[in-house]
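Architecture and fold: a report
Spelled out from the first residue to the last, the chains are:
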Amino acid sequence: MTTATAENMVWIGNLGKYNEGELVGEWFDFPLSMDIIAQEIGLDAEYEEFFIGDYEGLLADFNFGEYASIEELNEVVEQLDSLDEIQAEAVTEIMSLGIAQEIEEAVNIAEDDLIVYHDCKDMGDVAHQYMEETGQLDEMGELASRYFNFDALGRDMDIEGTFFELEGEVYVQVLC
């Protein structure tokens, strides 16, 4: 659906070898397979445990730790891959702002409860776009709209709602 999370990768190492002073590990793309991981980093009857040493892509924004479940990581990446680029970026903000505590909840919010405002330099632009999209600007009339204080409305919208700015002059409103 999107390439927003195509760069998600993890570095997985052989814990037994690491404890013996040897760093053995590889970068892996998703989806992860335990059979391939075991083959690539030498997991066997003697060396059964692995650890995750690093994350790349959106996964780096979340704290999964060194001993995250391969199944859980595969599920998270699958969920993130179902999102478009703006939704995927919004998941990180939703988590960092504390709007959601779990990634699955943040993904659901990003899929269902966002309004995206494009080409906005500030909340005044968001307010103008909101008034235009809801038809209130037309109802106001051309003369009145010239004198309307969109910056003040934008400030009030920001105070009363949950808005955040993403890259590329994109503002997002969380509805829940």
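Our structure is the block above this text.
Residues numbered from 1 in each chain as written. Predicted model: local features only at pLDDT ≥ 70, side-chain atom pairs only at ≥ 80, totals over all residues. Heavy atoms only, no water.

Some words on the overall build of the protein chain
A tally of helices and strands in the protein chain yields nine helices and six strands. By the compact-globule yardstick of 16 Å for 176 residues, the protein chain is too spread out, its C-alpha radius of gyration being 22 Å. When its C-alpha atoms are laid out on the principal axes, the protein chain stretches across 80 × 25 × 25 Å. By the burial criterion, 39% of the 176 residues in the protein chain qualify as buried. A total of about 10400 Å² of accessible surface is found on the protein chain, and carbon and sulfur atoms cover 44% of it. Taking the average location of the 4 positive side-chain charges in the protein chain and that of its 45 negative ones, the two points are 16 Å from each other. (Helix = DSSP H or I, 4+ residues; strand = E, 2+ residues; numbered from the N terminus. Rg over C-alpha atoms; globule rule 2.2 N^0.38 Å. Buried < 20%, exposed > 50% of the residue type's maximum accessible area, 1.4 Å probe, protein only. Areas by Shrake-Rupley, 256 points an atom, 1.4 Å probe, with all protein chains shown as cover. Lys, Arg positive; Asp, Glu negative; His and termini not counted. Charge placed at Lys NZ, Arg CZ, Asp CG, Glu CD.)

A few points about the packing of helix α3 (residues 70-81) against helix α5 (residues 103-112)
As a packed pair, α3 and α5 sit with axes 10 Å apart at the nearest point and diverge in direction by 10 degrees. Between α3 and α5, the angle is such that the two are roughly parallel. Across from V76, Q79 and L80 in α3, the residues of α5 making contact are I103, E104 and V107. Its residues placed into classes, the contact of α3 with α5 shows four nonpolar, one polar and one charged. (Axes fitted to C-alpha atoms, helices over the stretch in contact; angles between N-to-C directions. Parallel < 35°, antiparallel > 145°, perpendicular 65-115°, else oblique. Contact = heavy atoms within 4.5 Å. Nonpolar A, V, L, I, M, F, W, Y, C, P; charged D, E, K, R; others polar.)

Considerations on α5
Of the residues making up α5, those classed as buried are I103, A106, V107, I109 and A110. Looking straight down α5, one finds that the buried residues subtend no more than 160 degrees of arc, so they occupy a single side. Pointing more than 90 degrees away from the buried face of α5 are the exposed residues E104 and D112. Structurally, α5 contributes buried residues whose contacts are with α3, α4 (85-96), β4 (114-117) and β6 (170-174). (Arc of directions from axis to C-beta.)

Details of the sheet that holds β4
Reading across from one edge, β4-β6-β5 is the order of the three strands in this open sheet, with antiparallel pairing throughout. The two strands at the open ends of the sheet, each matched to only one other strand, are β4 and β5 (162-166). On average, each strand axis in the sheet is inclined to that of its neighbour by 25 degrees, with strand direction left out of account. Contacting β4, β5 and β6, α4 crosses the sheet at an angle of about 120 degrees to β5. Taken strand by strand, helix α6 (residues 123-133) contacts β4, β5 and β6, and its axis lies near 110 degrees from that of β4. (Pairing = 2+ DSSP bridges.)

Brief notes about the pairing of β5
In the sheet, β5 pairs with β6 via five bridges, with the strands oriented antiparallel. Each bridged residue has a counterpart across the sheet, and for F164 the counterpart in β6 is V172. As consecutive antiparallel partners, β5 and β6 are separated by three residues, and within that stretch G168 has a phi angle of approximately 80 degrees, a positive value.

As for the layout of surface pockets
Estimates place the volume of the largest pocket at around 280 Å³. Every residue lining the largest pocket is counted, 15 residues in all, and those nearest its centre are F64, E72, V76, E102 and I103. Among the secondary structure elements, those contributing two or more residues to the lining of the largest pocket are α3, α4 and α5. If one sorts the elements of the lining of the largest pocket by residue count, α3 sits on top with four residues. Taken together, the residues of the lining of the largest pocket sort by class into five nonpolar, five polar and five charged. (1 Å grid on protein atoms, 1.4 Å probe; cavity = no way out; pocket = protein on both sides within 12 Å on 5 of 7 lines; lining within 4 Å. Points joined across faces, edges and corners; volume = space filled by probe spheres on them.)

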